[in-house]
Amino acid sequence: MTELVDVVLGGTFHAAVLFLVAAGLQLVFGVQKIVNLACGSFYALGAYFGITAVGLAIKLGMPPVLFLPVLVVAGLVIGLVGLPIERVLRTIYRRDESYQLLITFGFLLMFQDVFRYLWGATPRTMDNVYLAYGSAQFLGVRVPTYNLLVIAASLAIAVGLGLFLERTKIGRIVRATAENRDMAEGLGVNASKIFALVFTVGCMLGTVGGALVVPSSAASLDMAVELVVESFAVVVIGGLGSMRGALVGALVVGLMRAAAISLVPEMEMLSVYLVVVLVLIVRPAGLFGKAAA
Amino acid sequence: MKLTRRDFSRLAGSGLVAAAISKLFAPALAQNKPLRIGIIAPRSGAAGTAGECGIRAVQWATERMNKEGGIAGRKFELVIEEETNPKDTIERLRRLILQEKVDAIHGLISTGVSLGVAPVAEEEQALVVMWDGTTQDGVKEMMPNSKYVFRSTDNECEAVMGSLLAVKHFKGKFKRVAGINPDYSYGRNNWEAFKQILARYGVETEFVVEQWPKIGTMDLTSHIAALNAAKPDLIFSSMLFADLPVFMKQGHAAGLFNGVKMVLPAAGWQINQLKKEFTPEGIIFGHNTLYFDHPQASPLQKAFVQDYMDRYKEAPHWEADRAYFALATYKAGVEAAQKAGGKWPTQEQVAEAMPGLEVESLGGKGRFRKDKIAEQVFYQGPSTNTNKYDFPTLASIDTFQAEQLQKPPGADFWEWIKTAKMPV
């Protein structure tokens, strides 16, 4: 039983971070119809900036238990980088999808050099946050409290995002713009502002994800590309543009990976992409995606 | 102006004399120019820290050696290029040879890259002295008769030593064994070598789980869950790069190391990142060919470590030694070849002179064998957290020679490991 709990907790922690990045990807695609390959860069940016922010907090004499809120704020602040990037992307909204892919891929590569320039080429780690929260016993398994906090934060963000989209006026406008941009504009919606808002929120989901994960791992130049690959598995499984799909897809990927690592470690990636292939064959639009008309 | 036959003869004669004079003094003129040594090392990505440490060491050595007269009386300078993937690195190697016209090339850490680079260097007849790169495909030597390419000690040396020390220090104290190793030939071969050595020494073991995270996996939570579930008494891991500190941090938080013995043969590469707060004591901790805190260190090592720590505020690791060793053996080779020939030697003559020359490197004495594979001194031992640093040091030091840890020329590694005379 404890083995199962261990596997589920490990998979859920991975899924929690994956969800944040995939949710940003889904939100942007859902509204702006842009497949944003730079989502992995936002994740890495959050991780690097999180290290800088915690370094600053240490200099200011803040206690380690406050570093988690510092990281969340750091993720939100650096997520504002989405605003100028969205301004650049405006030039290709009406162009072919291949342009969008190319320009966001360009951002992905450019960001790598930005990280190299600002934070150096070697992986950066943060030692003083992950262990500051101690460990907890959960159904007979010792689990780092920080992992539980990240899972809780990710869930809270999922619920908050759902409420924002479903229950608020701006959320309704966002959904209306996603459904039919021309109609929304005809009704007086400033689509440009909505796009800027959506892209920045999507960017913030990635940067917060990166900032939250870095205390347990490391910020490295390669982390952006690696996460993009997994995020696309999440999107294919969950369905492009669906927030619920992002949540379920992230859980499927996280848990499949954890189960494979525990049972047949060599099958770690195979298990995930087996599901991707199955979904593409049986339900090409993904579990929660809308089939093309 | 009319050019007479006499004028022409005079001009032609003086031209010939000038040409003869320049020919006569060309080697002398060339020797007045500094030697150029190309360095190829990773400066980014997973191996970036290792490459940086090696580069710092050769820069330190360059300054020091140049002050003492350089190499055979000639000052030398470094031309640094980045080691990335095999294809791009080969292009940079060619650039160093053809455009920069370097006298030798040092560096290369990844065997994946050096395997591709070595045949090109042979073809170009360029002298290459590798820091940590080998020409092993798995454990099989692919270039046993190379003419220009000098390789590091075999990749498995540290694993063989770590395994022997597991027997020496832990025999009878563990039964359930787990492994978590990087998923490429280095990790696979190290794990297999460890299992073979335990079997050879009759250690009764049960291998309860094997984990193979790919390099750069930063979320090891699920791997740690699998290890925890297997309840091992001992964990063997040859993880490298940032992956190892991440594993230690996540493992510590999940309570993986409580009462568990550990063997980390390559831990010294990440020494500065392995903080005491998540690294338990008593680990068999590998420092490969340079243990920075050796109490009986040579004056050379002491001077280097002091300068390095003052300047960079961190401890140097074995890549510094490998880089220094490459430079020191090259220097010895050039000087020996020059002495033997009485003139400035060609790269071929240097390559012929280098094998067998013993040099003092940062970590101890070393040399290249006739098959141009290095023999150096290895340091490992049980770790302690009682020290002035924020990372572990060694409670006691075990010192083995490479001859005790690597297969002899031409031997099959798996056969050798079964029959070799081991130092424990």
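Thresholds, definitions, all that
- Residues numbered from 1 in each chain as written.
- Chains lettered and ligands numbered in written order.
- Predicted model: local features only at pLDDT ≥ 70, side-chain atom pairs only at ≥ 80, totals over all residues.
- Helix = DSSP H or I, 4+ residues; strand = E, 2+ residues; numbered from the N terminus.
- Rg over C-alpha atoms; globule rule 2.2 N^0.38 Å.
- Buried ≥ 20, exposed ≤ 12 C-beta atoms within 10 Å, placed from the backbone.
- Contact = placed C-beta atoms within 7 Å.
- Nonpolar A, V, L, I, M, F, W, Y, C, P; charged D, E, K, R; others polar.
- Pairing = 2+ DSSP bridges.
- Axes fitted to C-alpha atoms, helices over the stretch in contact; angles between N-to-C directions.
- Left-handed = near helix turned anticlockwise from the far one by under 90°.
- Domains from an automatic or database assignment.
- Parallel < 35°, antiparallel > 145°, perpendicular 65-115°, else oblique.
- Right-handed = clockwise from strand over helix to strand, strands pointing away.
- pLDDT = per-residue confidence, 0-100.

Draft legend 1. Focus on the overall build of chain A. In terms of regular secondary structure, chain A is built from twelve helices and four strands. Computed over the C-alpha atoms, the radius of gyration of chain A is 19 Å, within 12% of the 19 Å expected from 2.2 N^0.38 for a compact globule of 293 residues. Dimensions of chain A along its principal axes, counting C-alpha atoms only, are 55 × 50 × 35 Å. When the 293 residues of chain A are sorted by exposure, 53% land in the buried category. Intrachain contacts of chain A at a sequence separation of at least 6 include 77% that bridge at least 24 residues.

Draft legend 2. Representation of the overall build of chain B. Counting its secondary structure elements, chain B contains 13 helices and 18 strands. When its C-alpha atoms are laid out on the principal axes, chain B stretches across 100 × 45 × 35 Å. A separation of at least 24 residues holds for 70% of the contacts in chain B among residues at least 6 apart in sequence.

Draft legend 3. Just the interface of chain B and chain A, in detail. In this assembly, 31 residues from chain B lie in contact with 35 residues from chain A. Where the side of chain B that touches chain A is concerned, the elements lending two or more residues are α2 (48-67), β9 (206-211), α7 (221-230) and α8 (243-253) of chain B. Examining the composition of the side of chain B that touches chain A, we find that seven residues originate from one element, α7(B), more than from any other. Looking at the side of chain B that touches chain A, its residues break down into eleven nonpolar, 13 polar and seven charged.

Draft legend 4. Local environment of the pairing of strand β3 (residues 141-144) of chain A. Residue and element names in this part refer to chain A. Sheet analysis places strand β2 (residues 135-138) next to β3, joined by four bridges and oriented antiparallel. Across the sheet, residue Ala136 finds its bridge partner in β3, namely Val143. Following β2, the chain reverses through two residues before pairing antiparallel with β3; Leu139 in that reversal takes a positive phi of roughly 50 degrees.

Draft legend 5. Quick look at the packing of helix α3 (residues 86-98) of chain B against helix α4 (residues 111-124) of chain B. Residue and element names in this part refer to chain B. One can describe the packing of α3 onto α4 by two numbers: an axis separation of 9 Å at closest approach and a directional angle of 30 degrees. The interaxial crossing formed by α3 with α4 has right-handed handedness. Between α3 and α4, the contacting residues are Pro86, Thr89, Ile90, Leu93 and Ile97 on the first element and Gly112, Val113, Gly116, Val117, Val120, Ala121 and Glu124 on the second. A breakdown of the residues in the contact of α3 with α4 according to their chemical character gives eight nonpolar, three polar and one charged.

Draft legend 6. Broad picture of the sheet that holds strand β2 (residues 76-82) of chain B. Residue and element names in this part refer to chain B. The parallel open sheet is built from five strands, whose spatial order is β2-β1-β3-β4-β7. Lying at the two open borders of the sheet, with one neighbouring strand each, are β2 and β7 (149-150). As paired elements, strand β3 (residues 104-107) and strand β4 (residues 128-130) share three bridges and run parallel to each other. Looking at β4, one finds that Gly107 is bridged to Met130. Docked against the sheet, helix α10 (residues 318-341) engages β3 and β4, running at close to 155 degrees with respect to β3.

Draft legend 7. Inspection of the domain arrangement of chain B at higher detail. Residues and elements named next belong to chain B. Domain parsing of chain B yields domain 1 (32-153 + 297-375) and domain 2 (157-289 + 377-406). The centre of domain 1, based on its C-alpha atoms, is set 29 Å off from the matching centre of domain 2. Counting residues at the interface gives 18 residues for domain 1 and 18 residues for domain 2. At the level of elements, α10, β14 (364-368) and β15 (374-375) are the ones that each hand at least two residues to the side of domain 1 that touches domain 2. Along the lines of polarity and charge, the residues of the side of domain 1 that touches domain 2 split into seven nonpolar, six polar and five charged.

Draft legend 8. Representation of the packing of helix α1 (residues 2-32) of chain A against helix α9 (residues 191-213) of chain A in the model. Residue and element names in this part refer to chain A. Contact pair α1 / α9: the axes reach a minimum separation of 8 Å and the direction vectors enclose 170 degrees. Regarding the angle of α1 to α9, the classification is roughly antiparallel. Residue-level contacts link Val17, Leu20, Val21, Ala23, Gly24, Leu27, Val28, Val31 and Gln32 of α1 to Phe195, Val198, Phe199, Val201, Gly202, Cys203, Leu205, Gly206, Val208, Gly209, Leu212 and Val213 of α9. Among the residues making up the contact of α1 with α9, the classes are represented as 16 nonpolar, five polar and no charged.

Draft legend 9. Representation of the sheet that holds strand β13 (residues 359-361) of chain B within the structure. Residues and elements named next belong to chain B. Read across the sheet, three strands follow the order β13-β14-β15 without closing on themselves; strand pairing throughout is antiparallel. The open sheet has two free edges, formed respectively by β13 and β15, since each of these has just one partner strand. Judged from the three bridges that link them, β13 and β14 form a sheet pairing that is antiparallel. Note that in β14 the partner of Ser361 across the bridge is Gly364.

Draft legend 10. Main features of the pairing of β3(B). Residues and elements named next belong to chain B. What you see with β3 is no split at all: Ala104 and His106 on one side and Ile105 and Gly107 on the other are buried throughout. Direction of pairing for strand β1 (residues 35-41) relative to β3: parallel, over a ladder of four bridges. By the bridge assignment for β3, Ile37 is matched with Ala104. As a crossover connection, the stretch from β3 through α4 into β4 is right-handed.

Draft legend 11. Molecular detail of the environment of Leu197(A). Among the secondary structure elements, Leu197(A) is positioned in helix α9. When the C-alpha positions of Leu197(A) and Tyr146(A) are compared, they lie 30 Å apart, and in sequence the two are 51 residues distant.

Draft legend 12. Up close: the confidence of the model for chain A. Averaged over all residues, the pLDDT of chain A equals 90, while 99% of them reach at least 70. Across chain A, element-level confidence peaks in helix α2 (residues 39-59) of chain A with a mean pLDDT of 95 and bottoms out in strand β1 (residues 124-125) of chain A with 86.

Draft legend 13. Summary view of α7(B). Where burial is concerned, most of α7(B) is hidden: nine out of the ten residues are buried. Directly beyond the C-terminal end of α7(B), a positive phi value near 50 degrees is found at Lys231(B).

Draft legend 14. Layout of unusual backbone geometry. Even without a glycine there, the phi angle at Leu139(A) is positive, about 50 degrees. Considering the arrangement of structural elements, one finds Leu139(A) in the loop between β2 and β3. A positive phi angle is found at Lys231(B), which is not glycine, with a value near 50 degrees. Summarising the element assignment, Lys231(B) is placed in the loop between α7 and β10 (234-236). Residue classification places Lys231(B) among the partly exposed positions, given that 13 C-beta atoms sit within 10 Å.

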